[in-house]
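Here is what each chain is made of, one letter per residue.
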Amino acid sequence: MRQINLVAFLQAQNCTTLPASWRHPEARTDTYSPEYYQHIARVLEAGKFDIGFFDDRLAMPDMYSGDHAHTVQNGIRCVKMDPVTCLMTMAGVTEKLGFGATYSTSYYEPFHVARVFQTVDLMTRGRAAWNVVTSVNDNEARNMGRDGVIEHDTRYDRADEFLEAVLGHWDSWDDDAIVADKVNNLYAHPDKVRRLDYEGKFIKSRGPFTVPRSPQGHPVVIQAGQSGRGKQFAARWGELIFVVYPDIESGKQRYAELKASAAALGRDPDHMKITTLAYIMTGESQAEAEDKKAAYDKLTTDIDQLSLLSEALNFDFAAKGLDEAFSEEEIAGIQGMHALRDRVTSTGIKNPTVRDFMRITRRGLLNTKWIGGPKEIADMMEEWFTAPACDGFVIGPTHQPGSFEDFVKYVVPELQKRGIYRKDYSGTTLRDHLGLSKPAIGAWKTSADAAE
Ligand SMILES: Cc1cc2nc3c(=O)[nH]c(=O)nc-3n(C[C@H](O)[C@H](O)[C@H](O)COP(=O)(O)O)c2cc1C
């Protein structure tokens, strides 16, 4: 029976994706201590989550007013640690929970990224995943020694080559290459380890790769781009896809479209799991959940949102008054997240103002429908899952660790009772949890060739 996949949305930073979260009265602020992450890991594994996934950006959000003072003062995602190091402290205290982290294809090298994640996969016995991002703003580029962000679609063209090189490296060792035969002094069969010699327009990487295959073959590839070019990229490479579907009707349609685009490239559409982002606030009852929402709403500030909008769209919103409109040139010139920009322009407002951007994107972020007691939340999740508008959910916390503790305490038992969510892990690897088979060497080439 089809089961819901659950992803926990994690941050190696001073707050969740919601800056107000650190101001929550119950929020822990020791967010740079191993105990903090280890506690969250134990809560998620007790809740039988598929994976804990760390998002990341290579800069604090200081585009707004071109200065980081507001970022640090308000604690707007100003601490950003290396996510892989944080997830390893969690992996050490868990056995089944999968772990994912974000690395950029625009500023890292494929050999490096392939080695980091294949090593995590071996050190966790097949529980790793890599979230492929192309990075969205100038300040990330400047931290990584560049002058500015790469043009939107070109970022994805480079990312296509990056994936070919990473998957090529991950396929360099056959599963049975290593024999470690001390008597005959044969460590590994030379004909079972290949050199890649990848050369593309943007990327080149020689090999041979230096890390053998893991119990699940190689890490799961995560992707979250939602623009036209982003979805093309997802159809070609994504095994676990993060989306933000605003409502069930558009969710059903876009879910079917994305699966169809993967099938059109010769991929098995069931070999792609689509999980939609939901910031769930729950408690004993609907009333208790609504009280929590009301308390949370008192914590949010406009500067939080204006700072994040500036970061995500690579545009300094401080340069405009709240009721000042964007010209069509300015809109067309945005090189940050196109899906976010398009969410505003698709409402039909020709020259949206700053206030329009705030109103429309706030609606997307904290969708008020995901507020309720165990039954209300499970009803909605079951409706989306069976529509189908998704294969599962990315659970976004409003504060840590309370949001996950509440979800595991109140909602997980209700989902298990309905038989739509696992009572216990049946396998050991992340692919087992997600229902993804172990990829054969070179399997990715089918869709890659079809996409050419
Ligand atoms: C749940 C979720 C997690 C994401 N995590 C990251 C992240 O860690 N780093 C990042 O740069 N973008 C992240 N994104 C944004 C996407 O990777 C992508 O940059 C964005 O959707 C813009 O892509 P587009 O220009 O193709 O629309 C995330 C999006 C979602 C829905």
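Okay, so let's go over this structure. Note that the structure is a prediction, hence the values are computed from the model and not measured.

### What to know about the packing of aromatic side chains
Going through the model one piece at a time under the given rule, you end up with 21 aromatic pairs. Each ring, one from phenylalanine 315 and one from phenylalanine 317, has its centre 5.7 Å from the other, and the planes form 85 degrees; the classification is edge-to-face. Phenylalanine 315 sits in the buried class, given a relative accessible area of 17%. Here the aromatic rings of tryptophan 370 and phenylalanine 393 are separated by 5.6 Å at their centres, their planes lie at 75 degrees, and the arrangement is edge-to-face. On the criterion of sequence distance, the pair formed by tryptophan 370 in the loop between α13 (354-365) and β13 (371-372) and phenylalanine 393 in strand β14 (residues 392-395) is long-range, its members being 23 residues apart. Taking NZ or CZ as reference, arginine 2 lies 3.9 Å from the ring centre of phenylalanine 385, over its face.

### Focus on the sheet that holds strand β1 (residues 5-11)
Strand order in this closed barrel of 8 strands is β1-β2-β3-β4-β9-β10-β11-β14, and the pairing throughout is parallel. Here the average twist between neighbouring strands, direction ignored, is 30 degrees. One ladder, built from 6 bridges, connects strand β3 (residues 98-104) with strand β4 (residues 128-133); its direction is parallel. Paired with tyrosine 103 across the two strands is valine 132, which belongs to β4. This element, helix α7 (residues 228-237), spans β4, β9 (220-223) and β10 (240-243) of the sheet and lies at about 165 degrees to β9.

### Here's the deal with the pairing of strand β5 (residues 178-181)
Examined bridge by bridge, β5 and strand β6 (residues 186-188) share 2 bridges and lie antiparallel to one another. Of the residues in β6, the one forming a bridge with isoleucine 178 is alanine 188. With antiparallel pairing between neighbouring strands as the criterion, β5 and β6 make up a hairpin whose turn holds 4 residues, including asparagine 185 at a positive phi of roughly 50 degrees.

### Quick notes on the nonpolar core
One finds Phe49, Trp130, Met381 and Phe407 to be the most contacted residues of the largest nonpolar core, which totals 84 residues. At 8 residues, helix α6 (residues 152-170) tops the list of elements feeding residues into this core. If we skip the residues at most four places from it in the chain, methionine 381 touches Leu6, Ile280, Trp370, Phe393, Ile395, Phe407, Val411 and Leu415. Counting residues in hydrophobic clusters, the runner-up holds 22 residues, among them Ala20, Ala129, Leu430 and Leu436.

### Topic: the site of the ligand
In the neighbourhood of the ligand, 20 residues make up the surrounding shell, with Asp55, Asp56, His152, Tyr156 and Ser227 lying closest. A distance of 2.6 Å separates an oxygen atom of the ligand from a polar atom in the side chain of histidine 152. Protein contact buries 94% of the 610 Å² of open area that the ligand shows by itself. The set of elements that each furnish at least two residues to the shell around the ligand consists of β4, α6 and α12 (338-345). Looking at the shell around the ligand residue by residue, the classes come out as 9 nonpolar, 8 polar and 3 charged.

### Digging into the pattern of salt bridges
Scanning the entire structure with this criterion turns up 34 salt bridges. A salt bridge links arginine 422 to aspartate 50, with the nearest nitrogen and oxygen atoms 3.0 Å apart. Taken together, the positions of arginine 422 in the loop between α15 (402-417) and α16 (430-434) and aspartate 50 in the loop between α1 (34-46) and β2 (51-55) put the pair 372 residues apart, joining distant regions of the chain. An identical accessibility class is assigned to arginine 422 and aspartate 50; each is buried. The closest approach of N and O atoms between arginine 142 and aspartate 138, which form a salt bridge, is 3.9 Å. Taken together, the residues span about one helical turn, with arginine 142 and aspartate 138 both in helix α5 (residues 138-143) at a distance of 4 residues. Overlapping salt bridges, with partners in common, bring together Lys375, Asp379, Glu382, Glu414, Lys417 and Arg418 in one network.

### Description of the side chain of arginine 267
Along the chain, arginine 267 turns up in the loop between α8 (248-264) and β11 (273-278). Despite being buried, arginine 267 has no salt bridge partner; glutamate 239 is the closest side chain of opposite charge, sitting 5.7 Å away.

Conventions and cut-offs
Residues numbered from 1 in each chain as written. Predicted model: local features only at pLDDT ≥ 70, side-chain atom pairs only at ≥ 80, totals over all residues. Heavy atoms only, no water. Phe/Tyr/Trp six-rings, centres within 6.5 Å; stacked < 30°, edge-to-face > 60°. Buried < 20%, exposed > 50% of the residue type's maximum accessible area, 1.4 Å probe, protein only. Helix = DSSP H or I, 4+ residues; strand = E, 2+ residues; numbered from the N terminus. Lys NZ or Arg CZ within 6 Å of the ring centre and 35° of its normal. Pairing = 2+ DSSP bridges. Axes fitted to C-alpha atoms, helices over the stretch in contact; angles between N-to-C directions. Contact = heavy atoms within 4.5 Å. Core = buried A, V, L, I, M, F, W, Y, C linked by side-chain atoms within 4.5 Å. Near = heavy atom within 4 Å. Polar contact = N/O pair within 3.5 Å; in protein donor to acceptor, adjacent residues only side chain to side chain. Areas by Shrake-Rupley, 256 points an atom, 1.4 Å probe, with all protein chains shown as cover. Nonpolar A, V, L, I, M, F, W, Y, C, P; charged D, E, K, R; others polar. Salt bridge = Lys/Arg side-chain N within 4 Å of Asp/Glu carboxyl O. Lys, Arg positive; Asp, Glu negative; His and termini not counted.

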